[in-house]
Amino acid sequence: MRAIIIGAGIAGLATALRLHQIGWDTLIVERAPARRGGGYAVTFGGIGYDAAERLGILADLRAKSFDTTELVYHKPNGERRFALDRATIAATTGPRSITILRGDLETVLYDKVHGHTEIRFGATLTAVDQDERAVRVTLSDGTLVEGDLLVGADGLHSATRALLFGPEENFLLDLEHKVAVFMLDQRPASIAPGATGTLSSNGRTAAVISVGDGRNVAFFGYRTDHARPGEDVGTELKRVYGDLGWVIPEALAGLKRADSVYFDTISQVVAPQWSNGRVVLLGDAAWCVTLFAGYGSSLAVGGADRLGTELAAHPGDIPAALAAWEAAIRPEAERKQKLGRRVKGVYAPASPLLLWLTQLPLRLAALPPVRRYMTRRFIKG
């Protein structure tokens with residue numbers, strides 16, 4: 001059995017690893033010319049954590065994970081509002097989770113699969129044809145590839161979804177925010193090693209995260225009423241954040257030296273079905289819960305793991321396997337999507353009152369009695 005996987009991100013690589021474990025051959029097709037690193041930090045837990053144990057990658061993920069020693073909330077001028085220490089942060093996440101860069105999660109998966117799967121960079125699919133026997137994919141380099149299954153793991157703007165399920169506008173739900181993320185080549189002096197600093201002001205949030213090994217991530221998220229159509233990332237960030245102090249000027253200067261920048265609107269994918277014959281969507285291409293829910297990487301790895309399980313349980317009957325897989329994963333994805341839609345209004349609070357209300361639970365979590373309760377609840381069970 002052979003699977004053609006479109007996308008060499010977390011979802012695609014995890015799928016290749018899981019299918020290899022059940023005896024499938026895989027080909028990964030990636031539109032980027034080479035692997036990309038960095039990305040924002042994610043809390044990896046839930047079904048992803050459980051799947052990582054079964055896939056045999058948990059120890060490698062833990063080796064690349066990092067602990068935030070302090071989470072500091074700042075005023076726009078840089079003064080400290082309040083901070084959460086390591087123990088309080090741990091009490092809010094629970095024991096079966098880690099914090100890791102998306103790029104480091106990809107690296108662990110890539111190291112596990114590149115020796116037994118072919119990865120073609122700089123290509124994507126341009127046409128798909130399928131019947132009861134096979135699926136045939138035409139790639140942008142002119143080659144024709146045949147397999148038993150096509151997995152569209154090519155992200156929010158999925159070419160697979162556009163070809164097989166319909167135009168993008170039929171599926172994207174705009175959550176009215178934009179985000180820009182990039183690696184900084186040096187840590188601002190006011191950000192301690194291992195710490196995260198963040199501020200929110202008038203519908204804008206910014207953070208600098210020290211993630212270990214001397215690496216630092218700049219993160220900007222803001223409501224789209226601040227945006228202007230067609231404006232490039234450098235111009236837009238300078239205009240939107242230019243009146244703020246703290247480390248914002250240093251981070252914006254670092255943008256000019258960044259190797260790559262993730263810059264996009266924040267949107268969910270709402271699709272009534274994730275499969276069509278021998279074609280299945282997985283990861284952000286299928287559900288994209290967004291960073292508001294904070295569960296996309298976990299769902300991608302957990303979804304890939306379950307896909308392999310169902311394919312192994314339904315040998316020779318791919319449509320039945322895909323139906324069983326979707327029935328198992330969709331409830332979890334939809335719960336996280338609802339969470340993302342519910343919390344979007346507090347992500348970059350538009351008013352001082354809303355900012356105070358959203359930060360109140362965090363201030364309470366820093367109080368010793370509340371933290372002890374959370375530790376008993378989440379850490380000790």
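Everything discussed here concerns the structure shown above.
The structure presented is a predicted model; accordingly, all values stated were derived computationally and were not measured.

1. Considerations on the environment of Val181
Looking at the element boundaries, Val181 is found in strand β12 (residues 172-184). Considered as a pair, Val181 and Asp264 are 83 residues apart in the sequence and their alpha carbons are 9.5 Å apart. If sequence neighbours within four positions are ignored, Val181 has contacts with Gly39, Tyr40, Val217, Ala218, Phe219, Ser260, Val261 and Tyr262.

2. What to know about the packing of aromatic side chains
Using the criterion set out here, one finds eight aromatic pairs in the structure. Here Phe182 and Phe220 contribute two aromatic rings whose centre-to-centre distance is 6.0 Å and whose plane-to-plane angle is 15°, an arrangement assigned as stacked. Of the two residues, Phe182 is situated in strand β12 and Phe220 in strand β15 (residues 215-223); the sequence distance between them amounts to 38 residues. Clustering of aromatic rings is evident, with ring pairs tying together Phe182, Phe220, Tyr222 and Tyr241. The aromatic ring of Tyr110 is capped on one face by Arg35, whose charged end is 4.5 Å from the ring centroid. Stacked on the ring of Tyr295, the Lys or Arg Lys336 has its end atom at 4.3 Å from the ring centre.

3. A word on the side chain of Lys178
By secondary structure assignment, the location of Lys178 is in strand β12. Looking at Lys178, its side chain comes within polar contact range of the side chain of Glu236, at 3.0 Å. Residues contacting Lys178, with those up to four places away along its chain left out, are Phe220, Gly221, Tyr222, Thr224, Ala227, Glu236, Phe263, Asp264, Thr265 and Ile266.

4. Quick look at the sheet that holds strand β7 (residues 118-121)
Read from one edge of the open sheet, six strands run β7-β2-β1-β11-β18-β17, paired in mixed fashion. The open sheet is flanked by β7 and β17 (275-276), the only strands paired with a single partner. Pairing of strand β1 (residues 2-6) with strand β2 (residues 25-30) involves five bridges; the strand directions are parallel. Each bridged residue has a counterpart across the sheet, and for Ile6 the counterpart in β2 is Val29. In the packing of helix α1 (residues 10-21) onto the sheet, contacts are made with β1, β2, β7 and β11 (149-152), and the angle to β2 comes to roughly 170°. Lying on the sheet, helix α10 (residues 318-347) is in contact with β11, β17 and β18 (279-281); it crosses β18 at an angle near 15°.

5. With respect to the pairing of strand β4 (residues 70-74)
The element β4 is extensively covered by neighbouring structure, given that four of its five residues are classed as buried. Inspection of the sheet shows β4 paired to strand β5 (residues 80-85) by five bridges, in the antiparallel sense. By the bridge assignment, Val72 is partnered in β5 with Ala83. The antiparallel pairing of β4 with β5 creates a hairpin that spans five residues between the two strands, and Gly78 there sits at a positive phi of about 100°.

What counts, and where the lines are drawn
Residues numbered from 1 in each chain as written. Predicted model: local features only at pLDDT ≥ 70, side-chain atom pairs only at ≥ 80, totals over all residues. Heavy atoms only, no water. Helix = DSSP H or I, 4+ residues; strand = E, 2+ residues; numbered from the N terminus. Contact = heavy atoms within 4.5 Å. Phe/Tyr/Trp six-rings, centres within 6.5 Å; stacked < 30°, edge-to-face > 60°. Lys NZ or Arg CZ within 6 Å of the ring centre and 35° of its normal. Polar contact = N/O pair within 3.5 Å; in protein donor to acceptor, adjacent residues only side chain to side chain. Pairing = 2+ DSSP bridges. Axes fitted to C-alpha atoms, helices over the stretch in contact; angles between N-to-C directions. Buried < 20%, exposed > 50% of the residue type's maximum accessible area, 1.4 Å probe, protein only.

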